[in-house]
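Fold and geometry: a report
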Amino acid sequence: MAAPFNRCQNFRLSRWLEKVTLLGKRFASSTSVPINKLLIANRGEIACRIMRTARKMGIQTVAVYSDADRNSMHTAMADEAYNIGPAASQHSYLDAAKVLDVAKRSGAQAVHPGYGFLSENTEFAELCQKEGIIFIGPPPSAIRDMGIKSTSKAIMAAAGVPVVLGYHGGDQSDQTLLSEAKKVGFPVMIKAVRGGGGKGMRIAMTESKFLEQLESARREALKSFANQEMLIEKYIEMPRHVEVQVFGDQHGNYVYLFERDCSVQRRHQKIIEEAPAPGISEEVRRELGEAAVKAARAVDYVGAGTVEFIMDKHQKFFFMEMNTRLQVEHPVTEMITGTDLVEWQIKKIQITTSCPGRVICTIFPLHYQIAPLGLKQE
């Protein structure tokens, strides 16, 4: 389950992060901690994980819980806990107004959405801004741009990030989609424009199967995302699914924390994550990281995010999507880098709110050492 990582890679990461930190930047110090109370707008494992880091940083935590979670661990762990409604998530954890009402009543200066629920909800992020509450996540514009696959692909292509050949247009007629699929060449992947988590995806191996698979993908997309717009892409046979952890601040500083291989899947759902990805050359590893940073920079990304790529048997890779949140799999990256990404997220906010004048601040540490290889099964 664990094996030592290459010492040369240790040194390179340490030096690379040092350059990121020192390149024309200087630190600003502050004697105050601007965030002393944090609301976690989530439940279960991720809520507890965020609370552990907040507690380590001396920050009080506020939990929200549904009727079903009254006796849950995250409710007991928090310094304060507030009921926000019945078990159904649309009446509790997905109710942005209730969550923000608790933030205001409890005096929490910031909200951490975790993953799922409101974590990639543009309207919630905007509402936090409007109410003067810090949303620990990327800007609403980045969530919006990366949340629609056709939009994100266009932005990535313009930024020089490799994308799979395909059709991302607005004409959604059967005839147009079939015609574009023919241009791309079978087999093709049919994907929901607003999809995620492997839903709304079908493979059409031949022209004769295309319309049947298109209708199946539309039905699932409509049920899962209330939208049945589709895009068509060339299907990469024998693919690897590789994602890169990135982090950025408000001043244009970006770093990638290597990649996670999540190719072992069932029905497009990840089962095993391994980092660093096995069998990838140092050159490809660097190119992956630089492409991920380029993707984040293209949407002025701030905070922790994951850029996902599909890789063919020749180790050529193409942009798939960006998850604009802390991912379920983030502990795998923490295992191989010795980082606490939640701490980084909070420090990014603290430093930003306490930086005086024109001083440019960065959270990236001066020295890092890659620790052993991590393997996680979800």
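Procedures and definitions
- Residues numbered from 1 in each chain as written.
- Predicted model: local features only at pLDDT ≥ 70, side-chain atom pairs only at ≥ 80, totals over all residues.
- Heavy atoms only, no water.
- Axes fitted to C-alpha atoms, helices over the stretch in contact; angles between N-to-C directions.
- Helix = DSSP H or I, 4+ residues; strand = E, 2+ residues; numbered from the N terminus.
- Parallel < 35°, antiparallel > 145°, perpendicular 65-115°, else oblique.
- Left-handed = near helix turned anticlockwise from the far one by under 90°.
- Contact = heavy atoms within 4.5 Å.
- Nonpolar A, V, L, I, M, F, W, Y, C, P; charged D, E, K, R; others polar.
- Phe/Tyr/Trp six-rings, centres within 6.5 Å; stacked < 30°, edge-to-face > 60°.
- Buried < 20%, exposed > 50% of the residue type's maximum accessible area, 1.4 Å probe, protein only.
- pLDDT = per-residue confidence, 0-100.
- Arc of directions from axis to C-beta.
- Pairing = 2+ DSSP bridges.

**Focus: the packing of helix H4 (residues 96-106) against helix H5 (residues 122-131)**
Relative orientation of the contacting elements H4 and H5 amounts to 30 degrees, with a least axis distance of 11 Å. Relative to H5, H4 is oriented roughly parallel. Considering the relative orientation of H4 and H5, their crossing is right-handed. Residues Ala96, Val99, Leu100 and Lys104 of H4 form the contact with H5, whose participating residues are Phe124, Leu127, Cys128 and Glu131. A breakdown of the residues in the contact of H4 with H5 according to their chemical character gives six nonpolar, no polar and two charged.

**A look at the packing of aromatic side chains**
In total, this model carries six aromatic pairs according to the counting rule given. Ring geometry for Phe309 versus Phe317: centroids 5.3 Å apart, planes at 80 degrees, classification edge-to-face. Judged by relative accessible area, Phe309 falls into the buried class, the value being 0%. By relative accessible area, Phe317 is classed as buried at 9%.

**Notes on the confidence of the model for the chain**
Averaged over every residue, the pLDDT of the chain is 86; the share at 70 or more is 84%. Note on residues 14-33: pLDDT is under 50 here. Beyond four places in sequence and across chains, it has 36 contacts.

**Here's the deal with helix H7 (residues 149-159)**
The complete set of buried residues in H7 reads Lys149, Ser150, Ser152, Lys153 and Met156. With its buried residues spanning 160 degrees around the axis, H7 presents them on a single face. Its buried side turned inward, H7 meets helix H6 (140-147), strand E7 (188-192), strand E9 (230-234), helix H10 (282-298) and strand E14 (317-323). Two residues or fewer after H7 comes Gly160, characterised by a positive phi angle close to 85 degrees.

**Some remarks on the sheet that holds strand E6 (residues 166-167)**
One open sheet holds the four strands; their spatial order is E6-E9-E7-E8, and the pairing between them is antiparallel. Of all strands in the sheet, those with a lone pairing partner are E6 and strand E8 (201-204), marking the two edges. As paired strands, E7 and E9 are joined by five bridges and run antiparallel to one another. Bridge pairing in E9 links Ala192 to Met230. Helix H8 (residues 174-184) contacts E6, E7 and E9 of the sheet and is inclined by roughly 15 degrees relative to E9.

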